[in-house]
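Structural overview
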There are 2 protein chains.
Amino acid sequence: MPTANAVILLSGGLDSATVLALARSRGFSCHCLSLDYGQRHRVELEAAVRVAARLGAAGQCTVQLDLTRFGGSALTDAAIAVPTGGADVGIPVTYVPARNTIMLSLALAWAEVLGAADIFVGVNAVDYSGYPDCRPDYIRAFETMANLATRAAVEGTRLTVHAPLIELSKAEIIRLGISLGVDYSLTVSCYQADALGRACGVCDSCRLRRAGFEAAGVIDPTPYTGH
Amino acid sequence: MPTANAVILLSGGLDSATVLALARSRGFSCHCLSLDYGQRHRVELEAAVRVAARLGAAGQCTVQLDLTRFGGSALTDAAIAVPTGGADVGIPVTYVPARNTIMLSLALAWAEVLGAADIFVGVNAVDYSGYPDCRPDYIRAFETMANLATRAAVEGTRLTVHAPLIELSKAEIIRLGISLGVDYSLTVSCYQADALGRACGVCDSCRLRRAGFEAAGVIDPTPYTGH
C-alpha cells in the first residue's frame, strides 16, 4: 500500500511540532503548511522549516497572506500590545480573527490537490479555551463543511480533520512529543520572540509553555532572553 | 440606526457585481473583498475596483494569496488549458480547489474585525452545478462553521452568509442586476480575458454569460476579442 499523504498545519510552535511527529508515527507522508500572515513572531516560520526537516516531513510550504490588512489582533497590529499579565477575561487580544479557519482552508486546498484525505492541526481546547476556533465543536463543523466543499462531496471520498491534541494539557502534549522524539529546542512559541528565536518568558504563550514543561517534569529547553 | 457593515466577495465578474448592487439596495455599507490568487484572468481584479467604485462600496480590498503554489486548476496552472468545448463531465478543470472556502474565510476574518454580521457571496448552483462549493448545502455548512469559529460563538451574535443568487439562472441574475442599475460592461467574466479586459467568447464562463444575456433579452455589453 502506498503511503497516504496528509497535510499538517505547522506553525513552528510546540503543539504543531508534536502533531507532525504524531502523524509521522502513524505512517503518513507529511506535507507541512505554514502561514506567513504578518505575525509579530516571524521567527516561528524559520522554526517551522527546521522542525519539518528534523521530523522527516515530505515537504514544507510557507504561504504568504497579509492579515495585517485586517488587523484586529495583538499578533497582527503593532498598535495592540502582547499581554503579559496573565489570563484575560473572554477572548484574548492575541486571538487572530478567523486565523484557524483560513489556515484550515488553505490546508484543504492543498489536500485536495495532493489527494490527501487527512489534515492535522495542533489546536488545543484546554489551555486556549478563550480562542473560539480551538474547540471540538468548531473542528467538527469545519470537517463537515470541508466534506461538502470539495471533490470529496462529489466523488464519495471522505476528508478527516485530526486535532489529536485538542483535549490534552500542555504537559501531556510535551510528554507525548518527547516520547516521539521531538526536540522542542527547535520550536518557537513566544508571541514576541527576538530575531534569534529567543523567548520573552512572560507572554501568555511563554507562560503556558513554561508551566507545561514544569508540570511534565521535563527540563525546559527553550532559549529565553532573560526577562 | 447606523448603517450595518457587510463584507461582499467581489471578483469583478457579473455575479458578484449583482450581489454588491443587491446588498447596497438593502442598505448595507459594503466592504468589498477581492482575491488575487494568481488567476489567469487578472483583469477581473481591475474590474472589481471599477465595480466597487461605481456601485458605491464603502471600501474595496484586494488580498494577495498565491494559489498557484498548489495548482490543480486551469485557472492557477498554466499547463492546464481553459476548456472551450462545452459542458464537462463531473467537476470542470476550472474548479479551483477550496477557493470559495478560502475566500469566505478571508471574508469572515474581515467581517469579524469590522463587526459585520453579514457576508455576501455570488455563488450560483444552477449554472455551475459542477463546482462543489457553489451548492446550498455547502453555504449552510460554512455558515454553521463560521458561527462556531469566531467571536459570534462566544458573544452570542449571529453571522449570516447570504448567497442570494444561488438558485437563480444567469438570465435572472442579469435581469436583477439591470433593475438595480448594474453596468455589466464594467465586469469581466472570461477565464482568459486579454489585458484590456476583452472576453474570448468561447470559454465556459463566456458561453454561460453570453447565453444569459440572450435568455434575458438584454443586449450583451461585453467587449469581445472577436473569436
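As the structure is a prediction and not an experimental result, all values here were calculated from the model.

Here we take up the overall build of chain A. A tally of helices and strands in chain A yields seven helices and five strands. Listed N to C, the secondary structure of chain A is β-α-β-α-β-α-β-α-α-β-α-α in terms of helices and strands. Over its C-alpha trace chain A gives a radius of gyration of 17 Å, about what one expects of a compact globule, namely 17 Å for 227 residues. For the C-alpha atoms alone, the extent of chain A along its principal axes is close to 55 × 40 × 30 Å. In chain A, which comprises 227 residues, the share counted as buried stands at 58%. Pairs at least 24 residues apart make up 72% of the contacts formed inside chain A by residues separated by at least 6 positions. As presented, chain A carries roughly 8600 Å² of accessible surface, and 53% of it is formed by carbon and sulfur atoms. A distance of 3 Å separates the average location of the 18 positive side-chain charges in chain A from that of its 21 negative side-chain charges.

The subject of this paragraph is the pairing of strand E3 (residues 59–64) of chain A. Residue and element names in this part refer to chain A. Of the strand pairs in this sheet, strand E2 (residues 29–36) and E3 are connected by six bridges, and their pairing is parallel. Paired with Asp36 across the two strands is Gln64, which belongs to E3. Of the crossover connections in this fold, the one passing from E2 over helix H2 (residues 43–54) to the parallel E3 is right-handed.

With that settled, consider the sheet that holds strand E5 (residues 160–162) of chain B. All names here are of chain B. Taken in spatial order, the five strands of this open sheet run E3-E2-E1-E4-E5, and their pairing is parallel. Two strands bound the open sheet, and with one partner strand each, they are strand E3 (59–64) and E5. Averaged over all neighbouring strand pairs, the angle between strand axes comes to 25°, with direction disregarded. Looking at chain direction, strand E4 (residues 118–120) and E5 are connected through three bridges and run parallel.

With that settled, consider the environment of A:Tyr138. Take A:Tyr138: it is sitting in helix H4 (residues 136–149). If we skip the residues at most four places from it in the chain, A:Tyr138 touches A:Asn100, A:Thr101, A:Leu104, A:Pro132, A:Asp133, B:Met145, B:Leu148 and B:Ala149.

Of the transformation superimposing chain B on chain A, the axial component is 0.0 Å and the angular component is 180°, with the fit at an RMSD of 0.0 Å. The superposition of one copy onto the other is thereby described by a two-fold rotation axis. Residues of chain B ranked by C-alpha distance from the rotation axis are headed by B:Leu65, positioned 2.8 Å from it. Take the interface residues of chain B: 100% of them recur as interface residues in chain A, which is what a same-surface contact looks like.

Counting across every chain of the model gives 16 salt bridges over all chains. Here A:Arg158 makes a salt bridge to A:Glu143, at a shortest N to O gap of 3.5 Å. With a gap of 15 residues between them, A:Arg158 in the loop between helix H5 (151–155) and strand E5 (160–162) and A:Glu143 in helix H4 connect regions that are remote in the sequence. Look at A:Arg158 and you get exposed, because its relative accessible area is 52%. As a salt-bridge pair, B:Arg198 and B:Asp194 come within 2.7 Å of each other at their nearest N and O atoms.

Attention now goes to the environment of B:Gly115. All names here are of chain B. Summarising the element assignment, Gly115 is placed in the loop between helix H3 (99–114) and E4. Looking at Gly115, the relative accessible area reads 61%, which means it is exposed. When the C-alpha positions of Gly115 and Asn5 are compared, they lie 7.2 Å apart, and in sequence the two are 110 residues distant.

Further remarks concern the packing of aromatic side chains. Applying the stated rule across the entire model yields six aromatic pairs over all chains. A ring pair is formed by A:Tyr184 and A:Phe213, whose centres lie 5.9 Å apart and whose planes are at 80°; its orientation type is edge-to-face. One end of the pair, A:Tyr184, is in the loop between helix H6 (170–179) and helix H7 (204–216); the other, A:Phe213, is in helix H7, with 29 residues separating them in the sequence. For A:Tyr184, a relative accessible area of 2% puts it in the buried group. With 5.4 Å between their ring centres and 70° between their planes, B:Phe28 and B:Phe120 make a pair best called edge-to-face.

Counting from both sides, the interface comprises 39 residues of chain B and, opposite them, 39 residues of chain A. Ranking the residues of chain B by area buried against chain A places B:Phe70, B:Met145 and B:Leu148 at the top, with a combined share of 19%. On inspection of chain B and its partner chain A, the count reaches zero salt bridges. At the boundary of chain B with chain A, the tally comes to five residue pairs in polar contact (both at pLDDT 80 or more). Breaking the side of chain B that touches chain A down by element, the ones donating at least two residues are E3, H3, helix H4 (136–149) and helix H5 (151–155) of chain B. Residues belonging to the side of chain B that touches chain A are distributed by class as follows: 25 nonpolar, seven polar and seven charged.

Of note, A:Ala98 is a non-glycine position whose phi angle comes to about 60°, a positive value. When you line up the elements, A:Ala98 lands in the loop between E3 and helix H3 (99–114).

What follows is about the side chain of B:Asp133. In this structure, B:Asp133 sits in the loop between E4 and H4. Buried within the structure, B:Asp133 lacks any salt-bridge partner; its nearest side chain of opposite charge belongs to B:Arg99, at an N-O separation of 5.9 Å. Setting aside its immediate chain neighbours within four residues, B:Asp133 contacts A:Ala149, B:Tyr95, B:Ala98, B:Arg99, B:Asn100, B:Val123 and B:Tyr138.

The subject of this paragraph is H4(B). For H4(B), spanning 14 residues, the distance from its first C-alpha to its last is 20 Å, which sits close to the expected 20 Å at 1.5 Å a residue. Every buried residue belonging to H4(B) is among B:Tyr138, B:Ile139, B:Ala141, B:Phe142, B:Glu143, B:Met145, B:Ala146, B:Asn147 and B:Ala149, and all of these are buried. At its buried positions, H4(B) is contacted by H3 and H4 of chain A together with H3, H5 and E5 of chain B.

Conventions adopted
Residues numbered from 1 in each chain as written. Chains lettered and ligands numbered in written order. Predicted model: local features only at pLDDT ≥ 70, side-chain atom pairs only at ≥ 80, totals over all residues. Heavy atoms only, no water. Helix = DSSP H or I, 4+ residues; strand = E, 2+ residues; numbered from the N terminus. Rg over C-alpha atoms; globule rule 2.2 N^0.38 Å. Buried < 20%, exposed > 50% of the residue type's maximum accessible area, 1.4 Å probe, protein only. Contact = heavy atoms within 4.5 Å. Areas by Shrake-Rupley, 256 points an atom, 1.4 Å probe, with all protein chains shown as cover. Lys, Arg positive; Asp, Glu negative; His and termini not counted. Charge placed at Lys NZ, Arg CZ, Asp CG, Glu CD. Pairing = 2+ DSSP bridges. Right-handed = clockwise from strand over helix to strand, strands pointing away. Axes fitted to C-alpha atoms, helices over the stretch in contact; angles between N-to-C directions. Least-squares fit on C-alpha atoms with pLDDT ≥ 70 in both. Salt bridge = Lys/Arg side-chain N within 4 Å of Asp/Glu carboxyl O. Phe/Tyr/Trp six-rings, centres within 6.5 Å; stacked < 30°, edge-to-face > 60°. Buried area = accessible area lost by both parts, 1.4 Å probe. Polar contact = N/O pair within 3.5 Å; in protein donor to acceptor, adjacent residues only side chain to side chain. Nonpolar A, V, L, I, M, F, W, Y, C, P; charged D, E, K, R; others polar. Expected span 1.5 Å × (residues − 1).

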